[in-house]
Amino acid sequence: MKQLAIPSLCGAILFASSATPALAYVDPVTGSIIIQTLVGGLAAAAVALRSVREKITAPFRSKKKDDIENA
Amino acid sequence: MRDTAALPERDAGSFRDPNGYVFLHAGRVFRAVTPAIYEQFAAIYDSGIIARLSDQGLMIACTRVDADDAMLAKFTGPRGERASALYEHPRVPMLSYPYEWTFSQLKAAGLAHLDLQIAALEEGYVLSDATAYNMQFVDGKPIHIDVLSLQEYKEGQAWSGYNQFCRQFLLPLLLEAWAGVSYQAMYRGSIDGISFPDALAILPKRKLFSSLTGISHVYLHGRSITSASSATSESSSRKSPAISKTRYLAILQQLRDFLADLQSKKRSETYWHSYASKNSYSDTMRDTKLSFVRDWAERVKPKLIWDIGGNTGDYSMAAIEAGAGSSIVLDGDLDSLEALYNTRTKRGVPILPLAMNLSDPSPDLGWKQSERKGLMSRANSDGVIALAVIHHLVIGANLPFDEVINWLLDIAPDGIIEFVPKRDPMVRQLLEMRADLFPDYTEERFRQLVSSRRKIVSEHTFDSNGRLLVAYSEY
C-alpha cells in the first residue's frame, strides 16, 4: 500500500493543523500504545484493500505469467 | 547436567529482563529462568510453540536441561535472583548488531521479526519487545534469539514492542529508502535506535505524507510520543485502550507488506543483478591471489575466517570452496557489502557481511560499556585474510604500521596478509597529494613484524611492483 489518496489527504490536513512543535516528553511506550487504536484501524483498512486489489488483479497476473511461460 | 568447577559467566548484555539471563558455561549457552516467570515459561515451553517456531527458522532452538539445586545455584542473576530452571541454546557463531548491517540485512531482520510475531499471534502468543539486538544471523538468516520474549496473548492487549520496532527497524530503513541517508553511524551513536524527532526532521515531507506508513507509523506515532498534551497528569493516568486482535495483526501485516516492497534509494534490485557482471573481471593478479588463498584454506581448513576489507567476498568464497567453514567479511564499503549479501549470503553461502570502518571498528557500547561488544571482544576466528588493505590503514588512515600488523596477528593464529609496496600505483595514488610520513612502511619491516610473532609458512611475490602475499601460522 504505497500510495493512498485518502491517508495522504488526512496527513496533509493533520500536518497543516498541527500545533506548535512538541516540547514535553512522556514515556514513549504510553504514546505508542494509545496511538495503536488509530494506527490499527488504518492498517486494517490497508490490509483489506490490498487483499481486495490482489483478488481483482489475480486472474490478470496469472494469465500474464502463463503467457510468458508459454511464449 | 554435569557439574564443572568453573562458574558460569553471565553475558554482559543480558541484564534488562529480570525474568531470565543468558550464561556461557563450558563453551555452551544457557538461559536461566528466574522464579518470577518460571511457571509461565514452563507452560509456554511445554506447549511446543518454541519448537514449532524454531522448526520454521524463526526462533533459536531451546532445550530444557536437567539441573540439580547445586547447579541452579550457580546461575545467579545481577539482582541476586536464583535460577529456577535452565534451558540451552545452540551458540550463535558471531554476534552482530544492527549498526553493522546493511539495508538489506536490516530489512531481512525486520521481516523475520514480523513473520515471527504473526506466526506467534496466530497461535495465541506475542513478543514482549521488538529489539533488533534480539535478531542474529545464523547460516545467513536472521532469527530471534530471546525465547523469554514470548508471552501468552491477552485479549485487548496492545503491541508493547511497537515503539521499539519503529525506532530499531522502520526508521533507520526509511532514512536510507526515502532520504538516501546511511543510518549505521547514527544507529551506533544511539543504542535504542533512531529517534522520532530526528527521523521527522530528516525524512522528506513529500514521502512522509504520501504513504500510510509515513502518516501512521512515523508522523502520528511520533507526534503521540512527543505530544505536549500527553504530558498532563490527566492523560498519564489514562487507562490503556484495548486493541482488538484483528487490529494488532493488521499493524503487523501492513508493516510486513510495506517493508517487503521497500527499496534503498541508493540501489535497486536490478543493480545487484548487474553488479556481479560489472565486477567479475579476471586478471592474472586476481587469479594468483585466489590460488594462494585456496592453497592456504586447503592446508589450514579454518572453521571461521575474518576477511578484513573483504569487499564482495570473492576471496572468502575461494577459501570456503577450498575447505574453510564460513567467513565474516568486514568492510566499510556499504555498496560492496550489499552486493555480497544479495548475491551470496541470501543464496546460502556462509559469508556474513558486516559494515565496519576498520580504522574505527565497533566499540564496546551501552551500560557499563559492555552491553554491546566491540569488534575485538568478539574475535573468534581461527583464520584471517587481509588482502590489499594494510596500505589503506597505514597510509590512507595514518595508523602506525606496527600496530596494524599486530592487530591483524591478534585476530587469529593463522592467516594471509598482502603487503602492497610504495611503488605500487595504488599506494602512489594515496601518496600523490601528501607528504610521505611513512619511512617504516617497507617489506623488510613487514617481514620482521610478522615473523616476530608467527612462522611464515609460504609467500609469493606476484607482480613487477613487488606485491607480496604471506601466509603464516603460530610458532
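The rules behind the values
Residues numbered from 1 in each chain as written. Chains lettered and ligands numbered in written order. Predicted model: local features only at pLDDT ≥ 70, side-chain atom pairs only at ≥ 80, totals over all residues. Helix = DSSP H or I, 4+ residues; strand = E, 2+ residues; numbered from the N terminus. Rg over C-alpha atoms; globule rule 2.2 N^0.38 Å. Buried ≥ 20, exposed ≤ 12 C-beta atoms within 10 Å, placed from the backbone. Contact = placed C-beta atoms within 7 Å. Pairing = 2+ DSSP bridges. Axes fitted to C-alpha atoms, helices over the stretch in contact; angles between N-to-C directions. Core = buried A, V, L, I, M, F, W, Y, C linked by C-beta atoms within 7 Å. pLDDT = per-residue confidence, 0-100. Domains from an automatic or database assignment. Left-handed = near helix turned anticlockwise from the far one by under 90°. Nonpolar A, V, L, I, M, F, W, Y, C, P; charged D, E, K, R; others polar.

Asker: Is there a simple way to think about the overall build of chain B in this case?
Answerer: Helix and strand content of chain B: 19 helices and 16 strands. Expected size for 475 residues packed as a compact globule is a radius of gyration near 23 Å; at 25 Å, chain B falls within 12% of this value. If one aligns the C-alpha atoms of chain B with their principal axes, the spans along those axes are about 75 × 60 × 35 Å. Counting only residues that meet the buried cut, chain B has 44% of its 475 residues in that class. Of the contacts formed within chain B by residues at least 6 apart in sequence, a portion of 66% connects residues at least 24 apart.

Asker: It is not clear to me how the overall build of chain A should be interpreted in this structure. Could you clarify?
Answerer: Check the secondary structure of chain A and you find three helices and zero strands. When the elements of chain A are put in sequence order from the N terminus, they spell out α-α-α.

Asker: What should I look at first to understand the sheet that holds strand E11 (residues 326–331) of chain B in this one?
Answerer: Sheet strands line up and pair through hydrogen bonds in the backbone, either parallel or antiparallel. Residues and elements named next belong to chain B. Within the open sheet, the seven strands sit side by side as E12-E11-E10-E13-E14-E16-E15. Their pairing is mixed. What marks the edges here is a single partner per strand, and that holds for strand E12 (351–355) and strand E15 (454–461). Neighbouring strand axes in the sheet, compared pairwise and without regard to direction, differ in orientation by 20° on average. Pairing of E15 with strand E16 (residues 468–474) involves seven bridges; the strand directions are antiparallel. Across the sheet, the residue bridging to His460 is Leu469, located in E16. In the packing of helix H17 (residues 401–411) onto the sheet, contacts are made with strand E10 (304–308), strand E13 (383–386), strand E14 (414–419) and E15, and the angle to E13 comes to roughly 145°. Packed on one face of the sheet, helix H19 (residues 443–453) meets E14, E15 and E16 and runs near 145° to E15.

Asker: Can you walk me through helix H15 (residues 334–343) of chain B in this structure?
Answerer: Since the α-helix advances by 3.6 residues per turn, residues separated by three or four positions end up pointing in the same direction. In terms of burial, H15 of chain B is largely enclosed, as seven of its 10 residues are buried. Those residues of H15 of chain B that fall on the buried side of the exposure criterion are Ser336, Leu337, Glu338, Ala339, Leu340, Tyr341 and Asn342 of chain B.

Asker: Whenever I open this one, the environment of Val126 of chain B confuses me. Can you help?
Answerer: All names here are of chain B. With respect to the helices and strands, Val126 occurs in strand E6 (residues 125–127). We classify Val126 as buried; it has 21 C-beta atoms within 10 Å. With 35 residues separating them along the chain, Val126 and Gly161 place their C-alpha atoms 9.7 Å apart. Once residues lying within four places of it in the same chain are set aside, the contact partners of Val126 are Ala120, Leu121, Gln151 and Tyr153.

Asker: Explain the nonpolar core to me, please; I cannot follow it from the model alone.
Answerer: Across soluble globular proteins, nonpolar side chains show a tendency to be buried alongside one another. Residue and element names in this part refer to chain B. Within the largest apolar cluster, 139 residues are counted, with the highest numbers of intra-cluster contacts made by Leu174, Ile385 and Ile416. Broken down by element, this core gets its largest block of residues, 11 residues, from helix H5 (residues 162–179). Ile416 has contacts with Phe292, Val293, Trp296, Ile385, Leu387, Leu469, Val470 and Ala471, leaving out every residue within four places of it along the chain.

Asker: Can you walk me through the confidence of the model for chain B in this structure?
Answerer: Parts of the model with low pLDDT should not have their predicted coordinates read in detail. Summing up the model confidence of chain B, the mean pLDDT is 91 and the portion of residues at 70 or higher is 93%. Across the whole predicted complex the pTM is 0.89, and at the interface the ipTM reaches 0.74.

Asker: Teacher, can you tell me more about the pairing of strand E8 (residues 141–144) of chain B here?
Answerer: The side chains of a regular strand alternate, first on one face of the sheet and then on the other. Residue and element names in this part refer to chain B. Summarising the sheet, strand E7 (residues 135–138) and E8 pair through four bridges and their orientation is antiparallel. Note on E8: the bridge partner recorded for Val138 is Lys141. Counted between consecutive antiparallel strands, the loop separating E7 from E8 contains two residues, among which Asp139 sits at a positive phi close to 50°.

Asker: Help me understand the domain arrangement of chain B, please; the structure alone is not making it clear to me.
Answerer: Often the size quoted for an interface is simply the accessible area lost on bringing the parts together. Domain annotation of chain B identifies domain 1 (9–89), domain 2 (98–261) and domain 3 (271–473). On a C-alpha basis, the centres of domain 1 of chain B and domain 3 of chain B stand 38 Å from each other.

Asker: Teacher, can you tell me more about the confidence of the model for chain A here?
Answerer: Residue and element names in this part refer to chain A. Averaged over every residue, the pLDDT of chain A is 64; residues scoring 70 or more account for 46%. Scored below 50 in pLDDT, residues 1–9 shows 17 contacts in the model against residues more than four places distant or in partner chains. Scored below 50 in pLDDT, residues 11–26 makes 17 contacts in the model with residues more than four places away or belonging to other chains.

Asker: How should unusual backbone geometry be read in this particular structure?
Answerer: Most of the time, phi is negative for any residue but glycine, and the peptide bond is trans. Residues and elements named next belong to chain B. At Asp139, a position not held by glycine, the phi torsion is positive, near 50°. By secondary structure assignment, the location of Asp139 is in the loop between E7 and E8. Phi is positive for Asn311, which is not a glycine, with a value near 55°. Mapped onto the secondary structure, Asn311 falls in the loop between E10 and helix H14 (314–321). Given 21 C-beta atoms within a 10 Å radius, Asn311 is considered buried.

Asker: Can you walk me through the packing of helix H4 (residues 103–122) of chain B against H5 of chain B in this structure?
Answerer: When two helices pack together, their arrangement is captured by the angle between the axes and the distance separating the axes. Residues and elements named next belong to chain B. Orientation of H4 relative to H5, taken along the N-to-C sense of each, is 145°, at an axis distance of 10 Å. Pair H4 / H5 crosses with left-handed handedness. Judged by residue contacts, Phe103, Leu106, Lys107, Gly110 and His113 of H4 engage Phe169, Pro172, Leu173 and Glu176 from H5. Of the residues assigned to the contact of H4 with H5, the class counts are five nonpolar, two polar and two charged.

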